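A look at the structure
Each chain, written out:
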Amino acid sequence: METVVLKAEPQNNEAFKQATEVLRTGGLVAFPTETVYGLGGDALREDASQKIYAAKGRPSDNPLIVHIADTDSVYKLAEEVPCHAVKLMEAFWPGPLTIVFKKNAIVPATTTGGLDTVAIRMPSHPAALKLIKDSGVFIAAPSANLSGRPSPTTSEHVVQDMNGRIDMILDGGPVGIGIESTIVDVTGDRPTILRPGFISAKMIKDILGDVAIDPAIVDMESGMRPKAPGMKYTHYAPKGELTIVEGSRDKVAEEIQRLVCQKNKDGYKTAVLADTDNVALYSCDNVFDAGSKKNDITVAAGLYALLRSCDDIGAEYIFSESFEEGDMGYAIMNRLIKAAGHRIISVD
Ligand code: AMP
Ligand code: MG
């Protein structure tokens, strides 16, 4: 299959016309959102959902998020809309928050990975909103990467993973946030965060007064089953083996430098992911500036591109500092720890 790439500028009506046609006929279109690029298909068509799983190589029990452009759509897709959800919708939509509802019968089980709940989000990216509105389709869209790979934050990343596997890519340039939406489940007694993201627990607490965090993601080593099925899979991984080294600044740099020297001596290619303020502490090849913890929005925005850059240079071993601090530190580390397959060295 030939994958057509078209610019997603709002005035490029031809691009949206073609994308609409693809969606209405059960095909797949990758498109920009404010979090990462999504791989979209008609959420109400089983065949379209099946194509999404096939294109990504995604396990069929890992449900898709349904993207909408107005709040009325929630009432068509969800069986119940609790008042917690209404408050969250008013506070954070359009934006990087996904809400899990009891699903209505019109949503096929393929879209929800067999669950009786459906995850819904109203993105704020103008191209995403225009595509949903123009097509009149509820768009099921997981991240537009091959399963297990870092999520795409540019259309070039989507081309790397999806060229020849999908009908079309709408190129809207680099995305703003860079990590996936926060997911909140409102189907139980207590609203619960299933995946951390740009909308933090504190921001949600300010609106609802209370929110729980799925214990399986608080302690990722616990072996508990996460409530968001996708959170159990190794994810976001670069091709090289990634290890996180945590502790005080100087000790971390010393240990990473030692590990790099050892691997280089054995003939392996390495890369280092360091805070802007620490880059100068290293004297080895391929030290990538991951942004500053003091401005963690930049770390989040660049994280997946950086992991892909490690692949581009053929790094076999990657050593990263920890980026725990800051409002987004929790969401960033959730992704980085998974990318590292939980390989963490503590030096304090
Ligand atoms: P992605 O769009 O690639 O970021 O993946 C969607 C994430 O949302 C995965 O982790 C899914 O497991 C999660 N998800 C989607 N639908 C549901 C649902 N109904 N209940 C819980 N988690 C969900
Ligand atoms: Mg994903």
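The structure contained in this document is the topic of the report that follows. Computed from a prediction, not measured in an experiment: that's the story for all the values here.

Conventions and cut-offs
Residues numbered from 1 in each chain as written. Chains lettered and ligands numbered in written order. Predicted model: local features only at pLDDT ≥ 70, side-chain atom pairs only at ≥ 80, totals over all residues. Heavy atoms only, no water. Near = heavy atom within 4 Å. Polar contact = N/O pair within 3.5 Å; in protein donor to acceptor, adjacent residues only side chain to side chain. Areas by Shrake-Rupley, 256 points an atom, 1.4 Å probe, with all protein chains shown as cover. Helix = DSSP H or I, 4+ residues; strand = E, 2+ residues; numbered from the N terminus. Buried < 20%, exposed > 50% of the residue type's maximum accessible area, 1.4 Å probe, protein only. Arc of directions from axis to C-beta. Contact = heavy atoms within 4.5 Å. Pairing = 2+ DSSP bridges. Axes fitted to C-alpha atoms, helices over the stretch in contact; angles between N-to-C directions. Parallel < 35°, antiparallel > 145°, perpendicular 65-115°, else oblique. Left-handed = near helix turned anticlockwise from the far one by under 90°. Nonpolar A, V, L, I, M, F, W, Y, C, P; charged D, E, K, R; others polar.

1. What about the site of ligand 1?
- Within the structure, ligand 1 sits among 22 residues, and Asn62, Thr117, Ser143, Arg195 and Gly230 are positioned closest to it.
- Ser143 places a side-chain nitrogen or oxygen 3.1 Å from an oxygen atom of ligand 1.
- One nitrogen or oxygen atom from the main chain of Pro229 is found 3.3 Å from an oxygen atom belonging to ligand 1.
- For ligand 1, whose unbound accessible area comes to 500 Å², protein coverage reaches 95%.
- Among the elements of the structure, strand E6 (117–121) and strand E10 (192–195) are those that each provide at least two residues to the shell around ligand 1.
- Here the element with the most residues in the shell around ligand 1 is E6; it accounts for three residues.

2. Considerations on helix H2 (residues 46–56)
- Turning to H2, its buried residues number three or more, namely Ala48, Ser49, Ile52, Tyr53, Ala55 and Lys56. Each buried residue of H2 sits inside an arc of 165 degrees when the element is viewed along its axis, so together they form one side.
- Where H2 is buried, its residues contact strand E3 (38–42), strand E7 (139–140) and helix H6 (155–162).
- Of the residues flanking the end of H2, it is Gly57, one or two places downstream, whose phi is positive at about 70 degrees.

3. Considering the sheet that holds strand E13 (residues 270–274)
- Pairing is parallel across the open sheet formed by five strands, whose spatial order is E14-E13-E15-E12-E16. What marks the edges here is a single partner per strand, and that holds for strand E14 (287–289) and strand E16 (344–346). Direction aside, neighbouring strands of the sheet carry axes that sit 25 degrees apart on average.
- This element, helix H9 (residues 249–265), spans strand E12 (241–246), E13, strand E15 (317–321) and E16 of the sheet and lies at about 175 degrees to E15.

4. As for the packing of helix H1 (residues 13–24) against helix H5 (residues 126–135)
- Interaxial distance between H1 and H5 falls to 9 Å at its minimum, and their mutual angle equals 55 degrees. Classed by the angle they form, the pair H1 and H5 counts as oblique. The handedness of the crossing between H1 and H5 is right-handed. Contacts from Asn13, Phe16, Ala19, Thr20, Leu23 and Arg24 of H1 reach H5 at Ala127, Lys130, Leu131, Asp134 and Ser135.
- Partitioning the contact of H1 with H5 into residue classes produces five nonpolar, three polar and three charged.

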